[in-house]
Amino acid sequence: MAYKTPALLLSRNRILRNYRELHSAFPDFEIAYAIKSNSFPGIIETLRDEGSSFETASWAEISFLLGLGIPPEKIVFSNPMKPSYAIEKALDAGVNVMSFDSLDEVDKLAVFRDRVKAVLRIQVPNEGSMWPLTGKFGVASNRWPAILERMKKKGLPLAGITFHPGSQCETILGWEAAMKHAYDIFSLARSMGFQPEILNIGGGFPTDLGRPIPSVASIAKVVYKHLNQWDTEGLKPKRLLMEPGRGISGSAGILVARIIGTASRDKDWAFLDAGVFSGMMETIDGITYPLESNAPGEWESSYILCGPSCDSVDKMFTAYLPKLREGDIIAFRGAGAYTTVYSSNFNGFDPPTPYYLDELPEGDAIFALFNDEE
Ligand SMILES: Cc1ncc(COP(=O)(O)O)c(C=O)c1O
């Protein structure tokens, strides 16, 4: 049977290797896979069977995981802004580790002060991140005292601290700065009588998108350098967590699309059967992917790659490729994260179909999978 485009080829083995690499570099950490990056059940089940925990952003994600047999103690609810009904449902289900980063959320969580483990999300620099999260999330250091005072007033204990260095963080300086901030907030909180026990270092682990990235080992070196220093002061947190999404699912997927036509205007445009609304959403803010194609010839024609919809936002990025014709295949490597989870049926176009393979193919082996397509 030939596969049909658009497709997302997924490797469970790659998911496992990525998980295990993190696990061996961060042996003291509980890994909570961020299911927002790719929530296909085949991936969740693979990680569940490996002993992973999971990071969620909504009640819907939590109940989906519970339905797959994940115990509530292995789920963290790290969306810092949650509707009250979701907080209550999660607690009733036994999920109690929850992030917050505003006075409003302190007030909401304080209603459940005896049951919730409230984890403060601090703002850290997101430089070097291809998909920064600072601004919308995290409490800046000048507001830490106000948040902690409010917690005191409301009787809400501080269970821990979390941060996110920004998704696809391409420099270890991101973790260097974040760990310094984490130390400062732990010290401040303790001086105010709190006893935080959790440190959650979030996500940000980069995947190979064709640019230089730090290795997992080099990130671990920075994080452990700080933790070992904290340890000498008796300050090492009791529970260490991380929430990688892209670092686990990114390299486990290849998105495969076909050219449906080209158009020459002031520039050359290549239209594919997948675009911004069918998986390539992150391209609108600068993410690009390494490409493979079965089109013959030299890779010297510049094209603006765009999706099939009748919307001008549906424009991905410019790339050098061989001269393209209808039916040619373009494969986007490193596309296992934040692709299909964003896709819709906009304009009537199908989202990519997932196909599970033991290992991801390369070059001609990718194109061979799609050979008999009508
Ligand atoms: C709270 C939280 N944790 C973890 C992640 C996963 O981040 P990444 O995919 O960069 O590892 C995100 C991504 O947005 C997030 O918002």
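Please refer to the structure higher up on the page.
As the structure is a computational prediction, the values presented were derived from the model and not from experiment.

Thresholds, definitions, all that
Residues numbered from 1 in each chain as written. Predicted model: local features only at pLDDT ≥ 70, side-chain atom pairs only at ≥ 80, totals over all residues. Helix = DSSP H or I, 4+ residues; strand = E, 2+ residues; numbered from the N terminus. Rg over C-alpha atoms; globule rule 2.2 N^0.38 Å. Buried ≥ 20, exposed ≤ 12 C-beta atoms within 10 Å, placed from the backbone. Contact = placed C-beta atoms within 7 Å. Arc of directions from axis to C-beta. Near = placed C-beta within 6 Å. Nonpolar A, V, L, I, M, F, W, Y, C, P; charged D, E, K, R; others polar. Pairing = 2+ DSSP bridges. Core = buried A, V, L, I, M, F, W, Y, C linked by C-beta atoms within 7 Å. Domains from an automatic or database assignment.

Engineer: What am I meant to see in the overall build of the chain here?
Structural biologist: From N to C terminus, the chain includes 10 helices and 18 strands. Radius of gyration (C-alpha) of the chain: 22 Å, near the 21 Å computed for a compact globule of 374 residues. Projected onto its principal axes, the C-alpha positions of the chain cover 65 × 40 × 40 Å. When the 374 residues of the chain are sorted by exposure, 47% land in the buried category. Long-range contacts, defined as pairs at least 24 residues apart, comprise 73% of the intrachain contacts of the chain with a sequence gap of at least 6.

Engineer: I'm lost on helix H3 (residues 59–67) in this one. Help?
Structural biologist: Owing to its 3.6 residues per turn, the α-helix brings residues three or four apart onto one side. Within the sequence span of H3, burial applies to Trp 59, Glu 61, Ile 62 and Leu 65. The buried residues of H3 occupy one face: seen down the axis, they fall within an arc of 160°. Away from its buried face by more than 90 degrees, H3 exposes Ala 60 and Gly 67. Looking one or two residues beyond H3, the residue adopting positive phi is Gly 69, at roughly 85°.

Engineer: Is there a simple way to explain the site of the ligand in this structure?
Structural biologist: The environment of the ligand is made up of 17 residues, and the closest members are Ala 34, Ser 167, Gly 203, Glu 243 and Gly 245. Its residues placed into classes, the shell around the ligand shows 4 nonpolar, 9 polar and 4 charged.

Engineer: What should I look at first to understand the pairing of strand S13 (residues 268–272) in this one?
Structural biologist: Within a regular beta strand, the side chains point alternately toward one face of the sheet and then the other, so they alternate between its two faces. Sheet topology note: the strand S12 (residues 253–264)/S13 ladder contains 5 bridges and is antiparallel. Along S13, the bridge assignment pairs Ser 264 with Asp 268. Between S12 and the antiparallel strand that follows it, S13, lie 3 residues. Alignment of S13 against strand S15 (residues 301–306), held across 3 bridges, turns out to be parallel. Counterpart to Ala 270 in the pairing with S15 is Leu 305.

Engineer: Please explain the nonpolar core as it appears in this structure.
Structural biologist: In a soluble, globular protein the nonpolar side chains are often hidden away together inside. Ranked by size, the top nonpolar core spans 99 residues in total, and within it Met 98, Ala 118 and Val 256 carry the most contacts. The element that contributes the greatest number of residues to this core is helix H7 (residues 173–191), accounting for 7 residues. Residue contributions to this core reach at least three from each of two domains, namely domain 1 (39–244) and domain 2 (251–368). When neighbours within four sequence positions are excluded, Val 256 is seen to be in contact with Thr 5, Pro 6, Ala 7, Leu 9, Ile 329, Ala 331, Ile 366 and Phe 370.

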